[in-house]
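Report on the structure
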Amino acid sequence: MIRQIERGELTLPEFQRGYVWNRQQVSKLVTSLYRKHPTGHLLVWKTNDPTNLRGAHTGDNHQTSVLIDGQQRLTSLYVLFNDEAPAFYEGEKLHRGLWFNIVTETFSWYQKTKMQGQPEWIDVHKFLSDGGLNGLLERSKDKSDEKDLYVQNINRLNRLDQIKDHSYTVDQLSGDEFSMEKVVEVFNMVNSAGTELTRMDLAMAHL
């Protein structure tokens, strides 16, 4: 899904609110992926007649993939992997600087006095984007103490590396029966624990 966002093949509808997750929610998501706990499905609308969208869009046979549910998770992971916002991003704050302690298996946001020069702390973005486990071992080949520490915790590092290979199950809406109004209705049902879109939100979606 991250590659689809990079290629502009997965977009957001304008009625979606912007990115609102805080640091705790991001770290909980990454912790769940590391521990291989369920993190939900994604919901995508396939349509030949898209309304206003955020981000570029392309698709086979003029069909567009619109992300209906999963924005917060995918935006968080996009920033974690790429260290930048996706094209459809709207929000007040991106969260960068998540680190992982390979001894305690905990994730925490960067604190210089706590983490600088401590080999048990791994910059998650750098690790995932710069060769993963193999890249880390290569960079530490001339530092025997660090390499020994990494080899001792190789199973944990391998599990961290596997985060980038996580594949979400995608539920798909498609067909002529799914108008924008119907999609908004499904969106509200999926997000029933939160605040439903108002009539003004719905009106803006149609506009």
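Residues numbered from 1 in each chain as written. Predicted model: local features only at pLDDT ≥ 70, side-chain atom pairs only at ≥ 80, totals over all residues. Heavy atoms only, no water.

Ordered in space as 3-1-4-2-8, the five strands form an open sheet in which the pairing is mixed. The sheet is open, and its two edges are formed by strand 3 (53-54) and strand 8 (170-173), each paired on a single side. By the bridge criterion, two bridges tie strand 1 (residues 10-13) to strand 4 (residues 64-69) in an arrangement that is parallel. Bridge pairing links T11 to V66 in strand 4. Lying on the sheet, helix 3 (residues 71-82) is in contact with strand 1, strand 2 (42-47), strand 3 and strand 4; it crosses strand 4 at an angle near 105°. (Pairing = 2+ DSSP bridges. Helix = DSSP H or I, 4+ residues; strand = E, 2+ residues; numbered from the N terminus. Contact = heavy atoms within 4.5 Å. Axes fitted to C-alpha atoms, helices over the stretch in contact; angles between N-to-C directions.)

Time to look at the pairing of strand 5 (residues 98-101). A two-sided burial pattern is seen for strand 5, the buried positions comprising L98 and F100 on one face and W99 and N101 on the other. Inspection of the sheet shows strand 5 paired to strand 6 (residues 106-109) by four bridges, in the antiparallel sense. In the sheet register, N101 faces strand 6, and the bridge partner there is T106. The hairpin turn running from strand 5 into strand 6, its antiparallel successor, is four residues long, and E105 in that turn takes a positive phi close to 60°. Where strand 5 and strand 7 (residues 121-123) come together, three bridges link them in antiparallel fashion. Within strand 7, the position partnered with N101 by the bridge is W121. (Buried < 20%, exposed > 50% of the residue type's maximum accessible area, 1.4 Å probe, protein only.)

Moving on, we get to unusual backbone geometry. Even without being a glycine, D83 presents a positive backbone phi close to 60°. Along the chain, D83 turns up in the loop between helix 3 and strand 5. According to the relative accessible area criterion, D83 is partly exposed, its value standing at 33%. The residue E105 is not glycine, and still its phi comes out positive at about 60°. Its place among the elements puts E105 in the loop between strand 5 and strand 6. On the accessibility criterion, E105 (22% relative accessible area) is partly exposed.

Structurally, the position occupied by V170 is in strand 8. In this structure, the C-alpha to C-alpha distance between V170 and G40, residues 130 residues apart in sequence, is 9.5 Å. If sequence neighbours within four positions are ignored, V170 has contacts with M1, L42 and V44.

A few words now on the packing of aromatic side chains. Following the criterion strictly, the structure yields five aromatic pairs and no others. Their ring planes at 50° and their centres at 6.1 Å tell us that Y19 and Y89 sit as a pair that is tilted. On the criterion of sequence distance, the pair formed by Y19 in the loop between strand 1 and helix 2 (23-34) and Y89 in the loop between helix 3 and strand 5 is long-range, its members being 70 residues apart. Following the ring pairs from residue to residue traces out a cluster consisting of Y34, F100 and F107. If you follow R159 out to its NZ or CZ, it ends over the ring of Y34, 5.1 Å from the centre. (Phe/Tyr/Trp six-rings, centres within 6.5 Å; stacked < 30°, edge-to-face > 60°. Lys NZ or Arg CZ within 6 Å of the ring centre and 35° of its normal.)

Enumeration according to the criterion identifies ten salt bridges in this entry. A salt bridge links R96 to D83; its shortest N-O distance comes to 3.0 Å. One end of the pair, R96, is in the loop between helix 3 and strand 5; the other, D83, is in the loop between helix 3 and strand 5, with 13 residues separating them in the sequence. Salt bridges here are not isolated pairs; linked through shared partners, they connect E105, R156 and R159. (Salt bridge = Lys/Arg side-chain N within 4 Å of Asp/Glu carboxyl O.)

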